[in-house]
Amino acid sequence: KVLAEAVDTDPEILEKSSVLQAVRQRYVADHSALVRAAAVDILAAYSAHTRRIEPQDLSALCTRSYDVSAHVRLSASNALSAIVSLGRQYLAKEEAGALVGVTQEQKTNALMRLCRLAVDQEPAVRKRSLRQVVELWFLSASSCSS
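Cut-offs and rules
Residues numbered from 1 in each chain as written. Predicted model: local features only at pLDDT ≥ 70, side-chain atom pairs only at ≥ 80, totals over all residues. Heavy atoms only, no water. Helix = DSSP H or I, 4+ residues; strand = E, 2+ residues; numbered from the N terminus. Buried < 20%, exposed > 50% of the residue type's maximum accessible area, 1.4 Å probe, protein only. Expected span 1.5 Å × (residues − 1). Arc of directions from axis to C-beta. Axes fitted to C-alpha atoms, helices over the stretch in contact; angles between N-to-C directions. Parallel < 35°, antiparallel > 145°, perpendicular 65-115°, else oblique. Contact = heavy atoms within 4.5 Å. Nonpolar A, V, L, I, M, F, W, Y, C, P; charged D, E, K, R; others polar.

(A) Structural detail: the environment of A82. Structurally, A82 is set in helix α5 (residues 70-89). Looking at A82, the relative accessible area reads 39%, which means it is partly exposed. A sequence separation of 37 residues divides A82 from A45, and the C-alpha atoms of the two residues are 9.3 Å apart.

Written out as structure tokens, the structure is:
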């Protein structure tokens, strides 16, 4: 949890150490739901900072959308919604030899998982995810009509 707060303050901390690898390889699959939820939040913050989503990070977020813990699924819902929004703002393109943005396939995959969460068995997860889908839908519709 402290690491997630540190990443919110300075996301570049992940690039300067082996913390990102630990989050990807160990924390996202930890026994503790609080640790898994914090790992999801860290991956989402890192993606927002870099304006791209790495394939292994999207895979981890999608896997966590099926987590047994509602708390982790809520974090995954927020992260997936942010990825879809990021995909609208930053279409995938190459800058300085690195891919920046979100590909259409990544955006579609994140949206499909978010829609699945919108019919989750847990009312809190269902309500938040459905609200996010509706907001994304109407945001998309209003930007198309402009």
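Let's pick the thread back up.
(B) Representation of the environment of I13 within the structure. Its location among the elements puts I13 in the loop between α1 (2-9) and α2 (19-25). A C-alpha to C-alpha distance of 9.7 Å links I13 and Y46, two positions 33 residues apart in sequence.

(C) Summary view of helix α6 (residues 104-117). Taking 1.5 Å per residue as the helical rise, α6 with its 14 residues ought to reach 20 Å, and the 20 Å between its terminal C-alpha atoms agrees with that figure. Listing the buried residues of α6 in full gives Q106, A110, L114 and L117. Down the axis, α6 shows its buried residues gathered within 70° of arc, on one side only. Exposed and facing more than 90 degrees away from the buried side of α6 are Q104, E105 and M112.

(D) Inspection of the packing of helix α4 (residues 55-64) against α6 at higher detail. Here α4 crosses α6 at 10°, and the two axes come no closer than 10 Å. Judged on the interaxial angle alone, α6 and α4 are roughly parallel. Across the interface between the two elements, P55, L58 and C62 from α4 touch Q106, N109, A110 and R113 from α6.

(E) How the structure looks around the packing of α1 against helix α3 (residues 33-50). Look at α1 against α3: their axes get within 9 Å of each other, and the N-to-C directions meet at 10°. Taken together, the axes of α1 and α3 are roughly parallel relative to one another. Listed contacts from α3 to L3, A4, V7 and D8 of α1 are A38, I42 and A45. Residue composition of the contact of α1 with α3, by class: six nonpolar, no polar and one charged.

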